[in-house]
Amino acid sequence: MNILSVENLECRHGLLVAVRGISFTMAEGEILALVGANGAGKTTLLRSIAGAHNPASGRVTFDGQDVTKLRAYKRVARGIALVPEGRRLFADMTVEENLRVAGAHGRKGTWDLPAVLDAFPQLKPKLKARSGDLSGGQQQATAIGRALMTNPRLLLLDEVSLGLSPLAVDQVYESLNGLMNSGTTIIIVEQDLRRAIAVSSRIICMLEGAIALEGASAALDREVITAAYFGLHRQTDTAP
Ligand code: ATP
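Residues numbered from 1 in each chain as written. Predicted model: local features only at pLDDT ≥ 70, side-chain atom pairs only at ≥ 80, totals over all residues. Heavy atoms only, no water.

## What about the overall build of the chain?
- Within the chain one finds eight helices and 10 strands.
- At 18 Å, the chain has a C-alpha radius of gyration in line with the 18 Å of a compact globule built from 240 residues.
- Viewed in the frame of its principal axes, the chain has a C-alpha envelope of about 65 × 40 × 35 Å.
- Within the span of the chain, comprising 240 residues, buried residues form 50% of the whole.
- Within the chain, counting contacts between residues at least 6 apart in sequence, those at least 24 apart form 68% of the total.
- Carbon and sulfur atoms make up 51% of the accessible area of the chain, which totals about 11400 Å².
- Averaging the coordinates of the 26 positive side-chain charges in the chain and doing the same for the 24 negative ones gives two points 7 Å apart. (Helix = DSSP H or I, 4+ residues; strand = E, 2+ residues; numbered from the N terminus. Rg over C-alpha atoms; globule rule 2.2 N^0.38 Å. Buried < 20%, exposed > 50% of the residue type's maximum accessible area, 1.4 Å probe, protein only. Contact = heavy atoms within 4.5 Å. Areas by Shrake-Rupley, 256 points an atom, 1.4 Å probe, with all protein chains shown as cover. Lys, Arg positive; Asp, Glu negative; His and termini not counted. Charge placed at Lys NZ, Arg CZ, Asp CG, Glu CD.)

## Brief notes about helix α3 (residues 95-103)
- For α3, the set of buried residues is Val95, Glu96, Asn98, Leu99, Ala102 and Gly103. Buried residues in α3, looked at end-on, bunch into an arc of 165°, giving them a common side.
- Each element contacted by the buried residues of α3 is listed here: α4 (113-119) and α5 (136-148). (Arc of directions from axis to C-beta.)

## Description of the nonpolar core
- If you look at the biggest cluster of nonpolar residues, it comprises 45 residues, and the most contacted ones within it are Ile144, Leu155, Leu157, Val160, Leu176, Ile186 and Ile188.
- A per-element tally of this core places helix α6 (residues 166-180) first, with seven residues.
- Every residue in contact with isoleucine 144, bar those within four places of it in the chain, is listed here: Val83, Phe120, Leu157, Val160, Val172 and Leu176. (Core = buried A, V, L, I, M, F, W, Y, C linked by side-chain atoms within 4.5 Å.)

## Regarding the site of the ligand
- Neighbouring the ligand are 14 residues, the closest being Gly39, Gly41, Lys42, Thr43 and Thr44.
- Note that an oxygen atom of the ligand is positioned 2.7 Å from one of the backbone N or O atoms of glycine 39.
- Separating an oxygen atom of the ligand from a backbone N or O atom of glycine 41 is a distance of 2.9 Å.
- About the coverage of the ligand: the protein hides 60% of its 630 Å² of free accessible area.
- When residues of the shell around the ligand are traced back to their parent elements, those giving at least two are β2 (16-27) and α1 (42-50).
- If you tally residues by element for the shell around the ligand, the top one is α1, at three residues. (Near = heavy atom within 4 Å. Polar contact = N/O pair within 3.5 Å; in protein donor to acceptor, adjacent residues only side chain to side chain.)

## Section: the layout of surface pockets
- Of the voids in this model, the largest pocket is the one considered here, and its volume is about 630 Å³.
- Broken down by class, the residue content of the lining of the largest pocket amounts to 15 nonpolar, three polar and three charged. (1 Å grid on protein atoms, 1.4 Å probe; cavity = no way out; pocket = protein on both sides within 12 Å on 5 of 7 lines; lining within 4 Å. Points joined across faces, edges and corners; volume = space filled by probe spheres on them. Nonpolar A, V, L, I, M, F, W, Y, C, P; charged D, E, K, R; others polar.)

## Remarks on the environment of aspartate 170
- Structurally, aspartate 170 can be placed in helix α6.
- Given the relative accessible area of 40%, aspartate 170 is considered partly exposed.
- In sequence terms aspartate 170 and leucine 148 are 22 residues apart; their C-alpha atoms lie 19 Å from each other.
- At a separation of 2.9 Å, a polar atom in the side chain of aspartate 170 contacts the side chain of arginine 195.

## What to know about the sheet that holds strand β4 (residues 57-62)
- Overall, antiparallel pairing links the four strands, which are arranged β2-β1-β4-β5 in an open sheet. In this open sheet, the two strands that pair with only one neighbour each are β2 and β5 (65-66).
- Relative to β5, β4 runs antiparallel, the two sharing two bridges. Bridge pairing in β5 links phenylalanine 62 to glutamine 65. (Pairing = 2+ DSSP bridges.)

And the structure:
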């Protein structure tokens, strides 16, 4: 059974249509990379799946239940966790407090403080540090750890590499590696196409709020995706 089904989703910011009639499904354990240029609608789509943005129309079904109108915190309790772009930690709280607050609001499961620290050992010496004082990589690890503390069945990762040094990006992906092999269903927004292809089983490329290209990652190369990225891959290209 599909764990996630997005049907004909349309999302707006005022008069601007950011997501235009998008539909796709995900099987449990799948890793989907969402790519596309700035402003293509990736963040709005992820936020709508998480319940942080109200879609104008369409439907989101999770684990067989229609969650389109469900508030974000109730979706967390069902197993949907978003790691937002820009991380959005509670800057004045310590790393440990950020993690524990999330743990109190999620599902029960194998992810607890020791498990998160095993996955992100760089956080061990920083548990009592104010999260606002951490490096970008440590903040990203905390943000992912916070999502994991809710024991998600669907993890939504929005541009986890943004603003990090190449070394910190490698470190974050190394930690994500174990998670990706563990059967958690993941949607990851990633600007680095090489990495997006490497970590995912399927790719969706968005252009101006719609799906420009969708396919198995193993069957797509960077040239094809780049063409879709810039709108050079449309069906209408063959139209007179
Ligand atoms: P990026 O990589 O820059 O984050 P994105 O693909 O995630 O881009 P979105 O952030 O979803 O795209 O933005 C889609 C469109 O909606 C863009 O035109 C953007 O300017 C607009 N938009 C996003 N958030 C808002 C907002 N809060 N108010 C008004 N317009 C918004």
